[in-house]
Amino acid sequence: QVQLVESGGGLVQAGGSLRLSCAASGRTFSNYAMGWFRQAPGKEREFVATINWSGGSTYYADSVKGRFTISRDNAENTVYLQMSSLKPEDTAVYYCAATASATWATARPDQYAYWGQGTQVTVSS
């Protein structure tokens, strides 16, 4: 059993920055890949970023590449999403996720077995 709790969401103006955190518990954090997904109102859930078990490999959705940075601190059992140059299109509920067994970074939601409750990010124009 893995529990994930996101925090750091809020309201920010376009062009601003926000840092999301995801605290994990229930198993050895460093054994698994982590990811961030988001769901905007009226939209399907979409991939945002992923990071492998060690933090050495990352992948991003084209829509956030160059603006968002995913990182992890295995000693603190925490994964982060640093978001910069935010756009109104980034408005969504952001979800942290952990893979069931994979250690490599993956954008496939079916490879993630554990999900947080989500944190709201609202970007105003």
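Structure first, text after, so check above.
Structural notes, computed from the coordinates. (Residues numbered from 1 in each chain as written. Predicted model: local features only at pLDDT ≥ 70, side-chain atom pairs only at ≥ 80, totals over all residues. Heavy atoms only, no water.)

Topic: the side chain of T78
Where we set the bar: Strands are runs of DSSP state E lasting at least two residues, helices are runs of H or I lasting at least four, and both sets are numbered from the N terminus onward. Burial status follows relative accessibility: with a 1.4 Å probe on protein chains alone, a residue under 20% of its type maximum counts as buried, one over 50% as exposed, and anything between as partly exposed. Counted as a polar contact is a pair of N or O atoms within 3.5 Å, where, for protein atoms, one must be capable of donating a hydrogen and the other of accepting one, and residues adjacent in sequence contribute only when both atoms are in side chains.
As for its placement among the helices and strands, T78 is situated in strand β8 (residues 78-83). Judged by relative accessible area, which is 10%, T78 ranks as buried. At 2.9 Å, the side chain of T78 forms a polar contact with the backbone oxygen of E76.

Some points on the pairing of strand β1 (residues 3-7)
Side chains on a regular strand alternate between the two faces of the sheet. Here is the rule: Two strands are counted as paired when DSSP detects at least two bridges linking them.
On β1, burial follows the alternation: L4 and E6 on one face are buried, whereas Q3, V5 and S7 on the facing-out side are not. Where β1 meets strand β3 (residues 18-25), five bridges bridge the pair, whose relative direction is antiparallel. Within β3, the position partnered with V5 by the bridge is A23.

A word on the pattern of salt bridges
What counts is decided by this rule: The rule for a salt bridge is simple: a side-chain nitrogen of Lys or Arg has to be within 4 Å of a carboxyl oxygen of Asp or Glu.
Using the criterion set out here, one finds five salt bridges in the structure. For R38, the salt bridge is made with D90, and the minimal N-O distance between the two is 2.9 Å. Taken together, the residues R38 in strand β4 (residues 34-39) and D90 in the loop between β8 and β9 (92-99) connect sequence positions 52 residues apart. The pair R38 / D90 is uniform in exposure class, with both members buried. In this structure, the salt-bridge partner of R67 is D90, at a minimum N-O distance of 2.7 Å. With R67 in the loop between β6 (58-60) and β7 (68-73) and D90 in the loop between β8 and β9, this residue pair connects regions lying 23 residues apart in the sequence. Assigned by exposure class, R67 and D90 land together as buried. A network of salt bridges, in which partner residues are shared, links R38, E46, R67 and D90.

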